[in-house]
Each structure stands twice: as C-alpha cells, then as structure tokens.
Amino acid sequence: MKTIILTGASAIALAISGSVAAQDTAARLNPGIAACVGNGGGNCSDVSQTGNRGTVDVTQNGSGGSTSEIDQAGTDNTAIVTQTNNGGAANESEVAQTGDASDATADVEQIGEGNLSSITQRGDDITADVEQDGVANSSNVLQTASADFASTIVKQNGAQNTSGVTQTGDFAAVTVTQSNEDGAVGNNSLVSQTGNAAFVIVTQSGEQNISDVGQTADAATVTIDQNGVGNRSLVDQAGSLVIVDVDQTGEANISTVDQLAGGAFAQVEQEGDRNR
C-alpha cells in the first residue's frame, strides 16, 4: 500500500482541476447549433455525411426541444442519437467523426433537459457511448487519430455532472459513471489518457466530488470510487504496468497518487470525513 500526504498546494490544484474539467467541457460544446438557431424551441437535427456507407439515426421526442448536429466523414461510421425533452432547456448533442475515422461508432442518449454532449473521434474502430438522464449534465469525449480500437463510456444520472475524456492511446478504455439526487451540485471527472492498452474506471455518487486522472503509461489501470460529498482524487500515472485503486466514502476526503515507476501498485482507502 502506498500512502501519500496531500499538501495545501495539492488541495488547491485539485479544486482547480475540477473547475478546469467543467470549463474544458463547456468550451468544446457549441451553445447553439447554427442550423437550429431560430428554430423556436422545437426539435432540430442537422446531418452532413461524406464518405462510404455512413449511418446516422436521430430520434427526438417531447415538446421541450432538442438539437443534434452530426458531421461524419470517412467510411462505415455510425452515429445514433436519441433525445427526449418534455420541457425546460434544450438538450444538445454534437458528433463529429472526421475524415481520419473509419468504423467509428458514437451512441448518445439524452433524457431530461439542458444536457450537453460533444463527441469527436478520429481513430479507427473506436466507440463512444454517452447516456445522460437528468438536468444540465455535460460530457465531452475526444478520441484522436492515434486512438485505434479505443472506447469511452459515460453515464450521467442526476444534475450538473461534468465529464471530460481525452484518449490518444490504442486499445484503451475509459468508463465514467456519475450520479446524484435532483437539486444536488454535480460531480466533476477529468480523464486524459495517452497510454496504450490502458484502463480508467471512475464512479462518482453524491455531489461535488472531483476526480482528475492523467495516464501516460502503457498497460496501466486506474479505478476511482467516490461516494459522498466533496471528495477529491488526483492520480498521475507515468510508469508502465501500474495499478491505482482509490476508494473514498464520506465527505471532504483528499487523495493524490503519483506513479512514476513501472510495476507499481497503490491503494488508497478513505472512510469518514476530512481524511488526508
């Protein structure tokens, strides 16, 4: 077991990282799809495809209004968007599978109001699956041209949860699950993954939890489980064949793990309040 004491400066960095996660996601989401401006609050979809055998399936239900923009290029790419809004702010989905992408799949399901999802994919045989159920959740997924056979799954249930995922490694996978009660302040998750065959699993239940994972190592694994209010976790992995497992239950717990050597294992268990 590896225990690391988080200094005051590190605590400040964690608070900033949560803010950056929200800002980075918002910056990549267009607050109004150009083709749908002036639509009068109804459902609107703008689709543009270039290439061979691309497939787009958009389903929009409800009276609250939803907007969807899909721009596919390449071959055999698939985009599926399902939006349901029965009142309130419009849900918005943006998918761009660019000319470098082939056999890429994006699947977005939004239920509620004011949910925002942005997916940009450029690699081959990559998948992104985003499910949002609630109010004002935001998700940004960026998988670059070097991220072949990579996958990202984001599930958000509740209100004001924010997730940002960037992947550049091959055969890598990220799963983010966020949930809270109606009216709660959301959770923040930021994952940056550049290693090959690397895995990140983040589970956040409660409110105002912050997780920031930076993974540059190959064959690395990070598991974060936060349950409660105001917990903070910062993980930085650089060594290959490394494992980090963080479990936080309670309020205002803070953990930071830096793994630089190969073959390392770190486990952090915090139960209660204000553990450091």
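The structure presented is a predicted model; accordingly, all values stated were derived computationally and were not measured. (Residues numbered from 1 in each chain as written. Predicted model: local features only at pLDDT ≥ 70, side-chain atom pairs only at ≥ 80, totals over all residues. Heavy atoms only, no water.)

### Concerning the confidence of the model for the chain
Where we set the bar: Every residue is assigned a pLDDT by the predictor, reflecting its confidence on a scale from 0 to 100. Every residue pair with non-hydrogen atoms within 4.5 Å of one another is taken to be in contact.
Here the chain averages 86 in pLDDT, while 84% of its residues score no lower than 70. Scored below 50 in pLDDT, residues 1-16 makes 24 contacts in the model with residues more than four places away or belonging to other chains.

### Considerations on the nonpolar core
Going by this rule: For the purposes of this section, nonpolar cores are sets of buried Ala, Val, Leu, Ile, Met, Phe, Trp, Tyr and Cys residues that join through side-chain atoms within 4.5 Å. Burial classification: accessible surface area is computed with a 1.4 Å probe over protein chains only, and a residue below 20% of its type maximum counts as buried, one above 50% as exposed, and the rest as partly exposed. Every helix listed is a DSSP run of H or I at least four residues long, and every strand listed is a run of E at least two residues long, numbered separately from the N terminus.
Val-191 and Val-235 are the most contacted members of the largest nonpolar core, which totals 26 residues. Listed by contribution, the elements that provide at least two residues to this core are β4 (78-84), β6 (105-113), β8 (127-135), β12 (173-179), β14 (199-207), β16 (221-229), β18 (243-251) and β20 (265-273). If we ignore the near neighbours within four places in the chain, the residues touching Val-235 are Asp-212, Val-213, Gly-214, Val-222, Ile-224, Val-244, Val-246 and Val-257.

### Description of the sheet that holds strand β11 (residues 162-167)
As a reminder of what qualifies: Here, a strand pair is defined by DSSP locating no fewer than two bridges between the strands. Axis geometry follows a simple rule: fit a line to the C-alpha atoms, using only the stretch in contact for helices, then measure angles between N-to-C directions, giving values from 0 to 180 degrees.
Here ten strands make up an open sheet; going across it, the order is β1-β3-β5-β7-β9-β11-β13-β15-β17-β19 and the pairing parallel. The sheet is open, and its two borders are formed by β1 (44-52) and β19 (254-259), each paired with just one other strand. Averaged over all adjacent pairs, the angle separating strand axes in this sheet is 0 degrees, with direction ignored.

### As for unusual backbone geometry
Only a minority of non-glycine residues have a phi that is not negative, and only a minority of peptide bonds are not trans. Look at Phe-171: it is not a glycine, yet its phi comes out positive at around 55 degrees. Looking at where Phe-171 falls in the secondary structure, it is placed in the loop between β11 and β12. Although it is not a glycine, Arg-274 adopts a positive phi angle of roughly 60 degrees. Here Arg-274 lies in the segment after β20. Residue class for Arg-274 comes out exposed when judged on its relative accessible area of 60%.

### Side note on the packing of aromatic side chains
For any pair of aromatic rings, the description rests on two quantities: the centre-to-centre distance and the angle between the ring planes. This is how the line gets drawn: When the centres of two rings from Phe, Tyr and Trp lie within 6.5 Å, Trp using its six-membered ring, the rings pair. Their planes under 30 degrees apart give stacked, over 60 give edge-to-face, and anything left gives tilted.
Counted according to the given criterion, the structure contains one aromatic pair. Judged by centre distance (5.0 Å) and plane angle (5 degrees), the rings of Phe-149 and Phe-171 are stacked. Of this pair, Phe-149 sits in the loop between β9 (138-143) and β10 (151-159) while Phe-171 sits in the loop between β11 and β12, and the two are 22 residues apart along the sequence.

### Focus: the sheet that holds β10
Spatial strand order, β2-β4-β6-β8-β10-β12-β14-β16-β18-β20: ten strands in an open sheet with parallel pairing. The outermost strands of the open sheet, each flanked by one partner alone, are β2 (55-61) and β20. Averaged over all adjacent pairs, the angle separating strand axes in this sheet is 0 degrees, with direction ignored. Relative to β20, β18 is paired through nine bridges, and the arrangement is parallel. Directly across from Ile-243, in β20, lies its bridge partner Phe-265.

### Observations concerning the pairing of β12
Bridge analysis of β10 against β12 gives seven bridges, and the strand direction is parallel. Looking across to β12, one finds that Thr-152 is bridged to Val-174.

### Quick look at a negative patch on the surface
We count it as follows: Residues with no salt bridge and a relative accessible area higher than 30% make up the patches, which join like charges within 9 Å and nonpolar side chains (Val, Leu, Ile, Met, Phe, Trp, Tyr) within 5 Å. A 1.4 Å probe and the Shrake-Rupley method give the accessible areas. Residues count as covered only by the protein chains that appear here. The term salt bridge refers to a side-chain nitrogen of Lys or Arg lying within 4 Å of a carboxyl oxygen of Asp or Glu. Positive residues here are Lys and Arg, negative ones are Asp and Glu, while His and the chain termini are left out of the count. Where a charge lies is defined by one atom per residue type, namely NZ (Lys), CZ (Arg), CG (Asp) and CD (Glu).
A contiguous patch of negative charge on the surface is contributed by Asp-225, Asp-247, Glu-269 and Glu-271. By secondary structure assignment, the location of Asp-225 is in strand β16. For Asp-225, a relative accessible area of 34% puts it in the partly exposed group.

### Examining the environment of Thr-203
With respect to the secondary-structure elements, Thr-203 resides in strand β14. Linking Thr-203 and Ile-224, residues 21 residues apart in sequence, is a C-alpha distance of 6.1 Å. Once residues lying within four places of it in the same chain are set aside, the contact partners of Thr-203 are Thr-177, Ile-224, Asp-225 and Gln-226.

### A few points about the environment of Thr-84
Note on placement: Thr-84 falls in strand β4. A relative accessible area of 22% places Thr-84 in the partly exposed class. Between the C-alpha atom of Thr-84 and that of Ser-63, which follows or precedes it by 21 residues, the distance is 8.6 Å. Beyond its immediate stretch of four places on either side in the chain, Thr-84 contacts Asn-61, Asn-91, Gln-110, Ile-111 and Gly-112.

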